[in-house]
Structure formats: C-alpha cells, structure tokens
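Next come the chains, spelled out residue by residue.
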Amino acid sequence: MQWKYNMAAPSSEEIRLEGSFPPPDQVFKSSEDQSLCKLCLKQYSRYTCPRCNVAYCSLACYRSEKHVGCSEEFYKEHIIEELKQQRGSHEEKQKVLEMLKRLEEEQEEEEDGEDAEDEQTLEDRLQGLDLDRDTGAVWDQLTDQERAEFQAVVEKGMLGEMMEMWTPWWSLSQERAALIEEVGSEQDTVREETESRTKTSPPPPLLSKIPLLSSLLKGQPSECIKYNIVNILYCYAYVVRLHNGEHFTMSRQAAQEVLQLCPVFTENASYSSAGEALHAAIARSNQDPSLANTPSFQSLVVKDVSCVLIGPSKVDSLQFVQSALSDLHHLFSVARKKMHKDSSSSGQTEEGGLSPELRQKLFLCKKKCEFLLAWCGEYGHQLTPLAMDCSHEYASLSREQSQHEKTKSELEKVWGGSKPTRKEDKLLIQELS
C-alpha cells in the first residue's frame, strides 16, 4: 500500500490547497466583503477554512503555526479516510495507525522537553545565588521578558495573590471557635482572604526537657506572669503571621522582630491585665515602621491569642500555649546559632549586627521561655480564663475599626473623594483705612 502525508487537495466542497483555485461562490472573498487574513493580519483574506471557518490568504498561512491544529486534523482525517478506501490488509492499516500515534507522542514529548529546557535554563542561571541576599545579582540574571512580567505583576498588586496563604496551627474547630465568633461576629471586619486556609501545619513540638518550677524559683511566682504571657503570645503570633508561617527561613530577622515587639523579653516589663498586655504590643508595632500593619491584621492577631489560650480541647487546653513558647525557644536557639556561624565565617562585629550582646540577649530569652514553660506546668490553668478577656478586646477593636470605616465612607461621600476639596482662600479680616 502506498500513500503520502501531503496528499492531493480535498474535494471542491472543502478547499483546494495546491493547484486550482476553489470555486468563487464558496470561499473566495468578493471585493465588497474583503477582510484581513486572521492568521497573518497582513494580506486580505481569499479563502475560508471549511473546518474552523477562519479567513486566510494563502497556503503558507493555512499551514502556519496558528492554524496547525486544524490543518493537521484535516490531513489526519483524510489519511484515515484514504486508508478506509484502500484495500490493504488489516495489519497494514494497523501499522499506519501506530505510526501516526507514535508521531503524535513524539511531538508531545518534544514540546514538554522544550518547556523543561526553559525551566532548567532559569535554574542554571540562578544556581549558587542567595535569593534573599543577592537580589541585585538575581535581577541581572533575568531576561528582559522576565523582568517585564515581574514588574507588571508588582504594578497590578498581584504579587500577594501568588503567595500560598498559611493557616495557623492554632486554628480551632468550628465548635471551639464559636466562643470567639459569638463575641465579635457582628462587627468582624477581618477580610475572608486573610483567613484563606490553603496551607496548614501541625503544632510545633514541645520542648523535651522542661525544668520544674521549684528548681528555678523559690517562693510564689508573680501574679503578672499570666498577663506577660499574653503579651508574648501576641508578639509571637504577629511575627509568625508576618512571615506567613515561614519564620524559620529568616530566623535571625524573625527573632529580632520578636525582641522589637516584646518588652517582656527586652525590658522585663510586667502587666496587670490582658487588655494592657495586648495594647502595649499593638502600640509597639505602630511605633516601628518596619513592623506596622493594618488594624485588621492587629485585631486578627488578638483573635489568634484567644485561640492559643483556649487550646485544642478542654482536656488539653495548655497544648497551644506550650507549643508557642517551645517554638519561640527553638527560634531563639536557631537564630543564635546562625549568628555565631555567620560571625565566624565573615568576621563581622558589632557594625555587622552580630554583636555578642545580641547573642547573649537571645540566650536569656531562651531561658525565660524555659521558665514560662515550667510555670505553665503548675499554674497554666490561670491562662484559660484570659481567652475571654482577649475575645472582648478583639470585639472592641473590630467595632472601632468598623466605626472608623463607616465615618470614613460618609466623609468621602460628602467630599466626593478621599480628600476634601480645597476652598479658595478668603479674606477673613480686612483693615479699614
């Protein structure tokens, strides 16, 4: 059996690719109805594809990349039709079909290989670069097209949408969360996308060796400790959310941010109520431009503190508090070791931010976490009632934010924009001669 892939032109009812022109009354465009070729957009169209009805000007456009899907199907259909008309054996027909299938698979593999080659090329260009530190070098390695695409994403504000949102490990079941939702649901203005649950993680493991409180303290502990823990939990949840749950990827920066927010660690501050402890942390975050965030974010973190204090169940209500303190202990330890390693390899001193004082401060923070974990072992039951206090603070912050948004909306409606229109200067006092 003999056949050719580039067979003769189809019947006059379809289209003639080579040889004679098709009948004018079927596919040829009249002078009154001429339009540009939909494939090259350069010449006037003369023909219309009988399969997809696209207007084109020449055989080259018909076989072009834009039309390859339709034209290949056209050839394939006619080959199969020709095979049906041939009086070849069943084995011969089967061989031809297998050959067509093999050609199609090879084409798909070739396309996949080209994509993989492009990805590998980008990987090779970025190999050996620190994506966090060598930002200038990374930018230099990008092509003009990649830079333009990145800038377009940034300008449209789509960069945040590309990040996979992290679901905090202290998130509660619906039954346990009802305690918080009932208090703040009416005025809750926290956006649903902030709560988008797409990436979850288990609670951090507890510190393996927690000392007894009696070995660390003689006498009764202060009544302020439970409120100080509230302040620490807020600062911890704030920083972990800022890093989208990836705080250990930049352990030094995350540990320093906790110290910036938390005066309990750096100044031995003490508080007499849960509200005072929360507002002190909020005030600290507003004072530091590098850590400041929206009121919605701040109220969300207050809700996080309530979740941590409630715990996963009534039977084990302290697990989340102990996990948070253990995670902080681990963060300080990792940051301290990384600082020591960096200072040894680079020889930096205080000017480089790797001072011995900071390393000593992180060591003392570790010890404070151990003391608080020991305190939880004996007095942790005092923390659970504070969850309701934090819930009320969350509801209060939500109401304030809702009222602020309402007032802002009313003013913008009166002004006709985000700012009041500027009135012409008027003479209020005029001196009479």
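See the structure printed just above.
For every chain, the first residue of the written sequence is number 1, and numbering continues from 1 along that sequence. In keeping with the model being predicted, local features are shown solely for residues with a pLDDT of at least 70 and side-chain atom pairs are shown and tallied solely at 80 or more, while totals for entire chains, interfaces and linings include all residues. In computing side-chain values, all of the structure's heavy atoms are included and hydrogens and water are not.

Peer 1: Looking at this structure, how should I read the overall build of the protein?
Peer 2: Broken down by element type, the protein carries 15 helices and 4 strands. Each of the 433 residues in the protein was classed as buried or not, and the buried ones make up 34%. Two residues qualify as a contact provided that any one of their heavy atoms is within 4.5 Å of a heavy atom in the partner residue. Sequence separation of at least 24 residues holds for 69% of the intrachain contacts in the protein that already meet a minimum separation of 6. Summing over all exposed atoms, the protein offers an accessible surface of approximately 27,600 Å²; the carbon and sulfur share of this is 49%. Each helix corresponds to a stretch of at least 4 residues labelled H or I by DSSP, and each strand to a stretch of at least 2 residues labelled E; elements are numbered beginning at the N terminus. Residue burial is assigned from relative accessible area. The probe radius is 1.4 Å, only protein chains are included, and a residue is buried under 20% of its type maximum, exposed over 50%, and partly exposed in between. Per-residue accessibility takes into account occlusion by the displayed protein chains alone, with areas from the Shrake-Rupley method and a 1.4 Å probe.

Peer 1: Before we go on, may I ask you to explain the packing of aromatic side chains in this structure?
Peer 2: Two rings belonging to Phe, Tyr or Trp (six-membered ring only in the last case) form a pair when the distance between their centres is within 6.5 Å. Interplanar angles under 30 degrees mark stacking, angles over 60 mark edge-to-face geometry, and anything in between is tilted. For the coordinates displayed, the defined rule picks out 10 aromatic pairs. Consider the rings of tryptophan 169 and phenylalanine 320, whose centres lie 5.4 Å apart with planes at 80 degrees: the pair is edge-to-face. Taken together, the residues span a long stretch of sequence, with tryptophan 169 in the loop between strand S3 (166-167) and helix H6 (174-184) and phenylalanine 320 in helix H13 (residues 319-346) at a distance of 151 residues. Both residues of the pair, tryptophan 169 and phenylalanine 320, count as buried.

Peer 1: Just to check I follow, could you spell out the nonpolar core for this structure?
Peer 2: Grouped burial of nonpolar side chains is what soluble globular proteins tend to show. By nonpolar core is meant a set of buried Ala, Val, Leu, Ile, Met, Phe, Trp, Tyr and Cys residues that side-chain atoms within 4.5 Å join together. With 68 residues, the main nonpolar core has Trp170, Phe265, Leu309 and Phe332 as its most contacted residues. Counting residues per element, the ones that place at least two in this core are helix H8 (225-242), helix H9 (251-261), helix H10 (263-266), helix H11 (274-287), helix H12 (295-310), H13, helix H14 (356-379) and helix H15 (386-415). For this core, the element with the highest residue contribution is H8, accounting for 13 residues. Beyond its immediate sequence surroundings of up to four residues, phenylalanine 265 is in contact with Ile232, Val258, Leu259, Leu328, Phe332, Cys365, Lys368 and Cys369. One finds Leu39, Cys49, Cys61 and Tyr62 within the second-largest nonpolar core, a separate group that totals 12 residues.

Peer 1: What exactly am I supposed to notice about unusual backbone geometry here?
Peer 2: Leaving glycine out, the prevailing phi sign among residues is negative, and the prevailing peptide bond configuration is trans. Even without being a glycine, asparagine 244 presents a positive backbone phi close to 55 degrees. Note on placement: asparagine 244 falls in the loop between H8 and H9. Residue classification places asparagine 244 among the buried positions, given a relative accessible area of 12%. With a phi angle near 55 degrees, asparagine 268 is a residue other than glycine that sits in the positive phi range.

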